Amino acid sequence: MKILGIESSCDETAAAVVEDGRKVLSNIIATSLEEHKLYGGVVPEIASRRHAESISGVVKEALEQADCTMADIDAIAVTYAPGLIGALLVGVNFAKGLALATDTPLVPVHHIRGHIASNYISSDIEPPFLCLIVSGGHSHIVAVNSYTDFEIIGKTRDDAAGEALDKAGRTMGLEYPGGVSIDKLSPQGNENAYKFPKPKVSDSPYDFSFSGLKTAVINTVHHAQQKGEDIDIADLAASFQKSVVDCLITNLEKVAVEKSFNKIVIAGGVSANSKLRAEAQALCKKHKWSLYLPELRYCGDNAAMIASQGYYEFVQGERADESLNAYATMPIDKNYKTI
Ligand code: KG4
Ligand code: ZN
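Keep in mind that what you see is a predicted model, and the values were worked out from it rather than measured.

Break down the coordination of the zinc ion (ligand 2) for me, with residues and values.
Looking at the metal site, the zinc ion (ligand 2) is ligated by His111 (NE2), His115 (NE2) and Asp301 (OD), spaced 2.0 to 2.1 Å from it. Mapping the donors of the zinc ion (ligand 2) onto the primary sequence yields the spacing H-x3-H-x185-D. Taken as a pair, histidine 111 in helix α4 (residues 111-117) and aspartate 301 in the loop between β10 (290-292) and α10 (304-315) lie far apart in primary sequence, 190 residues in all. Overall, histidine 111 belongs to the buried group, its relative accessible area being 7%. For aspartate 301, a relative accessible area of 16% puts it in the buried group.

Right under this line is the structure:
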């Protein structure tokens, strides 16, 4: 069964064809990242306009590379939530038009479920497992009971891990996205040079909080500037990255031990982070747990992961009609029919 995936939730316009949820036949991505770098963050209006310009060519290329026409496609899977609303609407409306014109079933896919599925196209992992999802907009620990059944165990109370890395990176004067810059710079720094407070969420042992950490790093930079002191940015980047990864790994370990998981999966843009990958490996080695990480090319936003998740939603009978809308927020354990 061949699924055409379409993704446009942020600054990547992507399309892919995936067979039976696992075999990637094509994976095309056009990004407007370079334009957003000028502003230090994604400008929604620019992202939407670039999606509108690129989407048709990107979908065409994905079909061509997979050696397919629409006649070979069993369903169109499209990201409908969560994300930038104007960006999502471009993908959703394109998918609706294509589905209608070619009489192809339409399957709505939750973006974060898609990130989890980046592991299905990277390895032979099957649910159930415990997943740490860390992206620009989300930090969650989720029990993936089946391909379509998710239970949120822990989540961030404020900033997502990627968001905190990006904002801290901006304060340090690093190029957007800060998470990528901090990862690149950290090996040149001493990760023990700066000590940051370890945030605690008192009423939930599994939740995260990153805004205090982010403020601490921003204050460190501002105080040094006020006093005219030099700061070693590589030391600061490495120390901040260590603090963020410590928080993620501490809670992941707590949940896995207390809820007896021995299959651990990481997903989302921040899963590309070398420190997080190394610490997750060390954690799983210590406990003799199996660890699954997405291939680096599938960590960031792409449509192959959407087509993969779309396949599992499709075989479960999930369908959308022409009334499908886009949603800026949507919990991973819900869908537009249940909110
Ligand atoms: O999943 P994603 O591509 O988009 C969202 O769904 O949000 O995640 C983007 C986030 C950004 O915050 C970016 O800084 C972060 O992923 N990121 C990284 C790395 N690569 C991307 N953070 C740390 N280290 C990386 N290597
Ligand atoms: Zn994403």
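Back to the text.
Could you give me a rundown of the sheet that holds strand β7 (residues 139-146), with the residues and numbers involved?
If you trace the five strands from one edge of the open sheet to the other, you get β8-β7-β6-β9-β10, paired in mixed fashion. The open sheet terminates on both sides in strands that have one partner only, identified here as β8 (149-155) and β10. Strand-to-strand twist across the sheet, computed as the mean angle between neighbouring axes with direction ignored, equals 25°. Bridge count between strand β6 (residues 129-134) and β7: six bridges; the pairing is antiparallel. For leucine 132, the partnering residue across the bridge sits in β7 and is isoleucine 141. The strands that helix α9 (residues 274-287) touches are β6, β9 (263-267) and β10; relative to β10, the one it contacts most, it runs at about 160°.

Quick one: what's the story with unusual backbone geometry, residue by residue and with numbers?
Between alanine 81 and the following residue, proline 82, the backbone shows a cis peptide bond with an omega angle of -20°. Along the chain, the position of proline 82 falls in the loop between β4 (75-81) and α3 (85-102). Going from tyrosine 176 to proline 177, the amide bond is cis rather than trans, its omega being -5°. Mapped onto the secondary structure, proline 177 falls in the loop between α5 (161-171) and α6 (178-185). Residues other than glycine seldom take positive phi values, yet aspartate 20 does so here, at roughly 50°. Checked against the element boundaries, aspartate 20 lands in the loop between β2 (12-19) and β3 (23-31). With relative accessibility at 37%, the residue aspartate 20 sits in the partly exposed group. Non-glycine residue aspartate 67 carries a positive phi angle of around 60°. Relative to the assigned elements, aspartate 67 resides in the loop between α2 (44-65) and β4.

Report on the sheet that holds β2, specifying residues and quantitative values.
The sheet built from five strands is open, its strands ordered β3-β2-β1-β4-β5 with mixed pairing. Where the open sheet ends on each side, the last strands, each with one partner, are β3 and β5 (106-110). The mean angle between the axes of side-by-side strands here comes to 20°, regardless of whether they run parallel or antiparallel. Both β4 and β5 contribute to a ladder of five bridges, which runs parallel. Residue threonine 79 lies in a different strand from β5, and its bridge partner there is valine 109. α2 contacts β1 (2-7), β2 and β3 of the sheet and is inclined by roughly 20° relative to β2. In the packing of α10 onto the sheet, the strands contacted are β1, β2, β3, β4 and β5, and the crossing angle to β1 comes to about 125°.

What counts as what
Residues numbered from 1 in each chain as written. Chains lettered and ligands numbered in written order. Predicted model: local features only at pLDDT ≥ 70, side-chain atom pairs only at ≥ 80, totals over all residues. Heavy atoms only, no water. Donors = N, O, S within 2.8 Å, 3.2 Å for Na, K, Ca; no water. Helix = DSSP H or I, 4+ residues; strand = E, 2+ residues; numbered from the N terminus. Buried < 20%, exposed > 50% of the residue type's maximum accessible area, 1.4 Å probe, protein only. Pairing = 2+ DSSP bridges. Axes fitted to C-alpha atoms, helices over the stretch in contact; angles between N-to-C directions. Contact = heavy atoms within 4.5 Å.

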